[in-house]
Every structure is written in structure tokens, then in C-alpha cells.
Amino acid sequence: MKNLILSFSVITFVSFSLISCFDNKGKQSVEINTPEEVKKAEKETKDIADQEFVDGMTGKIWHNYLEIKIALNRADAPRVQDVAKSMFASFSEEHAEMKAMAKQLHETEDLEKQREIFAEFTQKAGSMFEDALSGGTIYKKFCPMAFNNKGAYWYADVEEISNPYFGDKMPKCGSVEKTIKK
């Protein structure tokens, strides 16, 4: 009888062990990156923002602003809408005008309209970013060809030009107009 119970226990243990091994195989994955893939990923990944601001609200808005800039550069209107919703929630009531622009960005699906709102937002938010910067570097950039050669500014966390107004049509159009470092 003891042998029967012992045999049954061993068979049950082995069965559970095998079943759990088979279940985990589908969950395991290994990713091997070649040196070329790693270098490509490094080129596509911009520096992580090293900016610090005197208040948390401005910091959150800055990070949302950068995400929107990248989404506009990639012509990703749905991503602009998603990030703008988060930006809208970050504003205090004393910044009602910029909060309303964030809401407009969230509500429009039209990429060109989003770019126009982004340019207006940049005009309003620029001094907030510059005044609240307490550490790091931000770059004020200008594209003279945006909006039928009227031109438009944008801010960035890296010196490299990545134009949000033309996306992949003219990604390098523009220049650094001002470097703000604290």
C-alpha cells in the first residue's frame, strides 16, 4: 500500500512538473540583437531628457510637449491626440489658454491642424519652459519654411534638428535659434 501511495505521489509530481514546463515554453522568449540592430536603435533613440524644472507641472508638460513634437515629426496624428489628452490633464487652471490648446490638439485628427495648434502652443509655452528651467539644456529652434514661409518655432531637448512641421518631407529643415542652459 505504501508503495502504491509513493508511486502515485511520484507520478503526480512528475505530471505537474511536465505540465508546468510545457506551459512556460510559450511564455519564454529570447531576443538577440546584432551589432547593426543595436547601432540602428541607438540612432533612432534620442537622448533622454535631462531637463529639470522648478515645478512638477512644467516638467510633465515639457515631457508631453516632446512626445507631441516627436509624434508630429512622425506624422502620427493619433499619438498626438493621446499625448495631448495627458497634457491637458497636467495643466493648472491658471494656464487656461494653454490647457485649451492641449484640448484642441486632443480633439483634432487632422495632422496639419495639429501642427498649427502646436506652433501656437509653442508661442504661449516657450516663456514658461525657459523661465521654469532649473537644470539642463533646452533648444529653441526655427523653421523658416513652415506655414507657407511664415516660419514657426519649436523647443527640443537635443541640438539635432527634427522638424515637427514637415515630418519626413523635410526633417532637417530649421536651425537652433537659442540655447537655454541652467
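One can find the structure itself at the top, above this paragraph.
On a plain count of helices and strands, the protein comes out with seven helices and five strands. Reading the protein from its N end, one meets helices and strands in the order α-α-β-α-α-α-α-β-β-α-β-β. Within the protein, the fraction of its 182 residues that count as buried is 38%. Relative to all contacts within the protein whose residues are 6 or more apart in sequence, the contacts with residues 24 or more apart total 60%. Accessible area of the protein: about 11700 Å², with a carbon and sulfur share of 54%.

Okay, the environment of Gly-136 next. Structurally, Gly-136 can be placed in the loop between strand E2 (133-135) and strand E3 (137-143). Taking the C-alpha atoms as reference points, Gly-136 and Phe-53, separated by 83 residues in sequence, lie 9.0 Å from one another. Once residues lying within four places of it in the same chain are set aside, the contact partners of Gly-136 are Asp-50, Gln-51, Ile-180, Lys-181 and Lys-182.

In this section: the pairing of strand E4 (residues 152-156). The buried fraction of E4 amounts to four of the five residues, a majority that puts the element mostly inside the structure. Bridge count for E3 against E4 is five bridges, and the pairing is antiparallel. Looking at the pairing, Phe-142 lines up with Tyr-153 of E4.

Counting residues in each nonpolar core, the largest one holds 41 residues, and the members touching the most others are Tyr-65, Ile-68, Phe-91, Phe-121, Phe-129 and Tyr-165. Contributions of two or more residues to this core are made by helix H3 (56-73), helix H4 (77-90), helix H5 (96-107), helix H6 (111-132), E3 and E4. A per-element tally of this core places H6 first, with nine residues.

Another point: the sheet that holds strand E5 (residues 175-181). As summarised here, the arrangement of the three strands in space is E4-E3-E5, forming an open sheet in which the pairing is antiparallel. Two strands close off the open sheet at either side, each with one partner strand: E4 and E5. Pairwise comparison of adjacent strand axes, ignoring direction, gives a mean angle of 20 degrees for this sheet. By the bridge criterion, six bridges tie E3 to E5 in an arrangement that is antiparallel. From the neighbouring strand, Ile-138 faces E5, where its bridge partner is Ile-180. Running over the sheet, H3 touches E3 and E4 and is turned about 120 degrees from E4. Along the sheet, H6 contacts E3, E4 and E5; its crossing angle with E4, the most-contacted strand, is approximately 50 degrees.

Procedures and definitions
- Numbers given for residues are sequential positions, taken from 1 along each chain in its written order.
- Totals for whole chains, interfaces and linings use all residues, but because this is a predicted model, local features are given only for residues with pLDDT of at least 70 and pairs of side-chain atoms are given and counted only at 80 or more.
- With hydrogens and water stripped out, all remaining heavy atoms of the structure feed into the side-chain values.
- Helix numbering and strand numbering both begin at the N terminus, where a helix is a DSSP run of H or I of at least 4 residues and a strand a DSSP run of E of at least 2.
- Any residue under 20% of the maximum accessible area for its type is buried, any over 50% is exposed, and the rest in between are partly exposed; the area is computed with a 1.4 Å probe on protein chains only.
- Residue contacts are counted whenever heavy atoms from the two residues lie within 4.5 Å of one another.
- Each accessible area is a Shrake-Rupley estimate made with a 1.4 Å probe; only the visible protein chains count as cover when residues are assessed.
- A strand pair is defined by DSSP finding two or more bridges across the two strands.
- We define the nonpolar core as a collection of buried residues of types Ala, Val, Leu, Ile, Met, Phe, Trp, Tyr and Cys that are connected through side-chain atoms lying within 4.5 Å of one another.
- Angles here are taken between N-to-C directions and fall from 0 to 180 degrees, while the axes themselves are lines fitted to C-alpha atoms, restricted in helices to the stretch in contact.

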